[in-house]
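# Examining the three-dimensional arrangement
The chain contents come next:
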Amino acid sequence: MLDLILAGPGVTPDLVCDLADEFMAGEVLTRPNAARFCGLSPMTARSIARRLADDESIDVLEVKAGLSVWDFRVICLDMDGTVIQNECIDDMAALHGVGEEVSSVTRAAMEGGTKLTFAESLEKRVAFLRDAPVSVIDEALASVRLQPGAARLIDFCNAHGIRSYVLSGGFTHFTHAIAARLGMTGDFSNMLGIDAERGVLTGTVTGPAGGRILDADGKRRTLEILCHQAGATLEQAIAAGDGANDLEMIGAAALGIAYHAKPVVRPSPPRRDGLGPRRHHAPLHRSLALTSRPSAAHPQDAGSPFSPVPRHPQRTALRVLSLVFTFSLESPAAGLLRLLLDRRFG
């Protein structure tokens, strides 16, 4: 069974009621501009999704029936383009005067438009940084912009016992700083070669602890190990990223999020749940809300109302604790995206 989540300005009470009647849906929960159709068959869920496929004002997400924030123990996030708005290697390259040379390789690598492996592509890009002053690292770091709402997401995860990590094909100077700034559990990334005596970059790169470069396979394996360390399974993991280097960890996690997805990330394995990848990959204007119903196990859960669909007044309104992962409204693409994870009790 599946729950189908609809979100965006096009999700109106009339639309929700019409869909509930047309598809004979049972339990339907609503919030402003969002609805959760509970306990649907895969066929019904896909039928509703197809019905809305051409509506740019609505995003559609399928999740396992009854999925809740309390089901998760680990969240792993890509950094560049996901947790932050920057591509750090491009920023350093621009400071060193080789911006176009590096950014063109970056685009091809993230979009899957190159025959090079990720490691080969990264080595090629880092080679352009040879003899760049070490100061480009601090200068690029100073220009880093967090995705709006990222800090609130991590605060929420920390409050609910979800271990949070940055897994990046980027560099330790940046991931250490971002993870510390957000209060995340940890970070894993690659290491830039530095000639300390000359105060310049060597144009070389290695993986964590001087080992293999952290690529797509490395991210997936790291996700697996972090789940094991947390006493969890992949069914209790969330992973999010935007590029080809994130595909494996997105596919491995129970909840995989293609965020600001590059074209190569959009055609996804069946178990990946994409947050809007079918339409949007420009700077998004969305919100990610993780919610859970109050229970004896979690009596602190209380917050904004999450109501049954109006056409069924006999149902009792539910109370939820929600975190809104809010992004800017600068993009012209329509809609808010809300991932509404609601646990069922009794």
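Here's a quick rundown of the structure. (Residues numbered from 1 in each chain as written. Predicted model: local features only at pLDDT ≥ 70, side-chain atom pairs only at ≥ 80, totals over all residues. Heavy atoms only, no water.)

## Regarding the overall build of the chain
- Counting secondary structure elements, the chain contains 10 helices and 14 strands.
- The buried share of the chain, taken over its 346 residues, is 55%.
- Nonlocal contacts in the chain, meaning residues at least 24 apart in sequence, comprise 69% of its contacts between residues at least 6 apart. (Helix = DSSP H or I, 4+ residues; strand = E, 2+ residues; numbered from the N terminus. Buried < 20%, exposed > 50% of the residue type's maximum accessible area, 1.4 Å probe, protein only. Contact = heavy atoms within 4.5 Å.)

## Some remarks on the side chain of Asp-80
- Within the secondary structure layout, Asp-80 lies in the loop between strand S5 (74–77) and helix H3 (88–95).
- Despite its burial, Asp-80 pairs with no opposite charge, the nearest such side chain being Arg-125 at 7.6 Å.
- A distance of 2.6 Å separates the side chain of Asp-80 from the backbone nitrogen of Cys-88, its partner in a polar contact.
- Contacts of Asp-80, omitting those with residues within four sequence positions, involve Asn-86, Glu-87, Cys-88, Ile-89, Ser-168 and Asp-242. (Lys, Arg positive; Asp, Glu negative; His and termini not counted. Salt bridge = Lys/Arg side-chain N within 4 Å of Asp/Glu carboxyl O. Polar contact = N/O pair within 3.5 Å; in protein donor to acceptor, adjacent residues only side chain to side chain.)

## Quick word on the pattern of salt bridges
- Per the counting criterion, the structure on display carries 12 salt bridges.
- Between Arg-198 and Asp-131 there is a salt bridge, with its nearest N and O atoms 3.0 Å apart. Placement of Arg-198 in the loop between strand S7 (186–195) and strand S8 (200–206) and of Asp-131 in the loop between helix H5 (118–127) and helix H6 (135–142) is noted, with a sequence separation of 67 residues between them.
- Owing to a relative accessible area of 55%, Arg-198 belongs among the exposed residues under this scheme.
- Residue Asp-131 is classed as partly exposed on the basis of its relative accessible area, which comes to 38%.
- Where salt bridges share partners, they join Asp-217, Arg-220, Arg-221, Glu-224 and Glu-248 into one cluster.

## Regarding the nonpolar core
- By size, the foremost hydrophobic cluster in this structure holds 50 residues, and its most contacted members are Leu-77, Ile-84, Met-92, Leu-122, Phe-171, Phe-174 and Ile-178.
- Beyond its immediate stretch of four places on either side in the chain, Ile-84 contacts Met-79, Val-144, Arg-145, Leu-146, Gln-147 and Ile-178.
- Core analysis: the second largest hydrophobic core is formed by 20 residues, Val-11, Ala-45, Leu-52 and Val-60 among them. (Core = buried A, V, L, I, M, F, W, Y, C linked by side-chain atoms within 4.5 Å.)

## Examining the environment of Ser-103
- If you trace the backbone, Ser-103 turns up in helix H4 (residues 99–111).
- In this structure the C-alpha to C-alpha distance between Ser-103 and Ala-93, which are 10 residues apart in sequence, comes to 8.1 Å.

## Examining H3
- Listing the buried residues of H3 in full gives Cys-88, Ile-89, Asp-90, Met-92 and Ala-93.
- One or two positions beyond H3, positive phi appears at Gly-97, with a value near 85 degrees.

## Remarks on the sheet that holds strand S10 (residues 255–258)
- Overall, mixed pairing links the six strands, which are arranged S8-S7-S6-S5-S9-S10 in an open sheet. One side of each edge strand has no neighbouring strand; the edge strands of this open sheet are S8 and S10. Direction aside, neighbouring strands of the sheet carry axes that sit 25 degrees apart on average.
- Note that strand S9 (residues 237–241) and S10 share four bridges and pair parallel. Bridge pairing in S10 places Ile-238 opposite Leu-255. (Pairing = 2+ DSSP bridges. Axes fitted to C-alpha atoms, helices over the stretch in contact; angles between N-to-C directions.)

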